[in-house]
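# Working through the structure, step by step
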Amino acid sequence: MVGDQDHQAAVEFLYREARLADEARYAEWLALWTEEAVYWVPASTDPDADPETRISHIYDNRARLETRIKLLQTGHRYSQEPASLMRRLISNIEVVDGRDGQLVAGSNFILAELSIQAKAEMHWWVGRATHHLRRVEGGLRMSLKKVVLINAAEPLPNLSFLI
Amino acid sequence: MKHRCAANWKTLPENDSDGYHLGFVHLALFKTVRMQYQRVVGDEKAIKAVVRDWGHGHIEIDWSPGYQGPFEWFGGAAGPVVADFVAALERRDGPELARQRILQGPAHALIFPNLFLGETNIAIVEPVDVEECVHWHTPMFWKGVPEFNGRLLRMAEAGMGPASFLMPEDLIIATRNQQGLRARTPEWLLLSRGLDREYLDDQGRAVSHVTDETTNRALWRHYRAVMTEA
């Protein structure tokens, strides 16, 4: 575990990141990332699933992450047009020191998504997230976000919002 | 990977082999990145890709008439690994067939009723309920070239699946169409696009411009035939 100050900074980052994703504030959410980025949602709950040999729902580097955001900003990403209404709760937060002075934050989440693009359907997304957080001037930025859904290997509805 | 859709299963095989929807449904992607499908949103007369009716409900989009160089279907892959692969193909198949393979790429076709050959992916559609189905898919890995696996995975993730850049749009539009079907009137849908210009090739297959509904007609005609013995 890390000191209180680092722990508090990490928790505040997670809350802010969650709120920007929930509110579809795409540009502000993208600004939370470092230049190097790995945004990863495995299609498996196997903790050892290697993204180079196993398929993922999302395995974005920085370039693909920017494409993902640009799609949402065109106004023609019909699977998120209009954007789903979302709120997520974050809990069970554990922060430890990682490599290169980064903080590694683990957290559980429950995300309620009201998908309103065809008919109003409530979808529940539950899992554990891992954030790699780098200290930069003025605060923290994330270099990795990995989201392991408890139903990662089951049939999923559209996941084109920011999870 | 499995992608859930709140629409009747038949909408997805039709969608998988339809060239008309691309320019509208996938506009977000075409506005954002260059890719091979982009050629369907330009001047209609400049589009060379075709659709083809193989009979018995088997239908195809053939992009290859529009390809200008090798591996356009593979993100323009190049470099030493690709060169080794081409050399091995030439040794196995001879230069002519190897050239054809790397130019045309794998099929974009529906094997009736629910097996979709999605170029470098394979998919099936599983009916679950009247208004629910699951689109299953997997990337193909090619024997002898594990170096391509990473690229094939990234292409599959870009194109297919709930978080990809293509399929979420297809499935949400399918769901909206399903809602539309509840209207009940009118009792018909018009699928006449291209009737005036489709033609039979030398093997008796109907062929037409990629945005024509030749494939849609072929699918539904065969479905009606097998379901009614008509």
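Here goes a summary of the coordinates provided. Predicted model, so just to flag it, every value in this text is computed and none were measured.

What counts, and where the lines are drawn
- Residues numbered from 1 in each chain as written.
- Chains lettered and ligands numbered in written order.
- Predicted model: local features only at pLDDT ≥ 70, side-chain atom pairs only at ≥ 80, totals over all residues.
- Contact = placed C-beta atoms within 7 Å.
- Helix = DSSP H or I, 4+ residues; strand = E, 2+ residues; numbered from the N terminus.
- Nonpolar A, V, L, I, M, F, W, Y, C, P; charged D, E, K, R; others polar.
- Pairing = 2+ DSSP bridges.
- Axes fitted to C-alpha atoms, helices over the stretch in contact; angles between N-to-C directions.

### Considerations on the interface of chain B and chain A
Residue-level contacts link 32 residues of chain B with 27 residues of chain A. Secondary structure elements with two or more residues in the side of chain B that touches chain A: β1 (2-5), α3 (27-32), β7 (132-139), α6 (149-159) and α7 (167-181) of chain B. Ranked by the residues each element gives to the side of chain B that touches chain A, the list is headed by α7(B), at 8 residues. Among the residues making up the side of chain B that touches chain A, the classes are represented as 18 nonpolar, 7 polar and 7 charged.

### Observations concerning the pairing of strand β2 (residues 50-55) of chain B
For a regular strand, side chains alternate in direction, first toward one face of the sheet and then toward the other. Residues and elements named next belong to chain B. The pairing of β2 with strand β3 (residues 58-62) spans 5 bridges and is antiparallel. Each residue of the ladder has a partner; that of G55, found in β3, is H58. Counting the residues between successive antiparallel strands, the hairpin from β2 to β3 contains 2 residues, one of them, H56, with a positive phi of roughly 55 degrees.

### Description of the sheet that holds strand β5 (residues 121-136) of chain A
Residues and elements named next belong to chain A. Pairing in this open sheet of 6 strands is mixed, and the strands run β2-β1-β6-β5-β4-β3 from one edge to the other. Sheet topology places β2 (56-60) and β3 (85-97) at the edges, where each strand pairs with a single neighbour. Across this sheet, the average inter-strand angle for adjacent strands is 20 degrees, counted without regard to direction. Direction of pairing for strand β1 (residues 33-42) relative to β2: antiparallel, over a ladder of 4 bridges. Bridge pairing in β2 links V41 to I58. Against the sheet, helix α1 (residues 4-22) contacts β3, β4 (103-115), β5 and β6 (139-149), and its axis sits at roughly 160 degrees relative to β3.

### Some points on the pairing of β5(A)
Residues and elements named next belong to chain A. Of the pairings in the sheet, the one linking β4 to β5 comprises 13 bridges and is antiparallel in character. The residue of β5 that forms the bridge with N108 is R128. Here β4 folds back onto β5 in antiparallel fashion, the turn holding 5 residues. Here 10 bridges tie β5 to β6, and the two strands are oriented antiparallel to one another. Its bridge partner being in β6, R135 is matched across the sheet by L140. Hairpin connection from β5 to β6: 2 residues lie between these consecutive antiparallel strands, with G138 at a positive phi of about 85 degrees.

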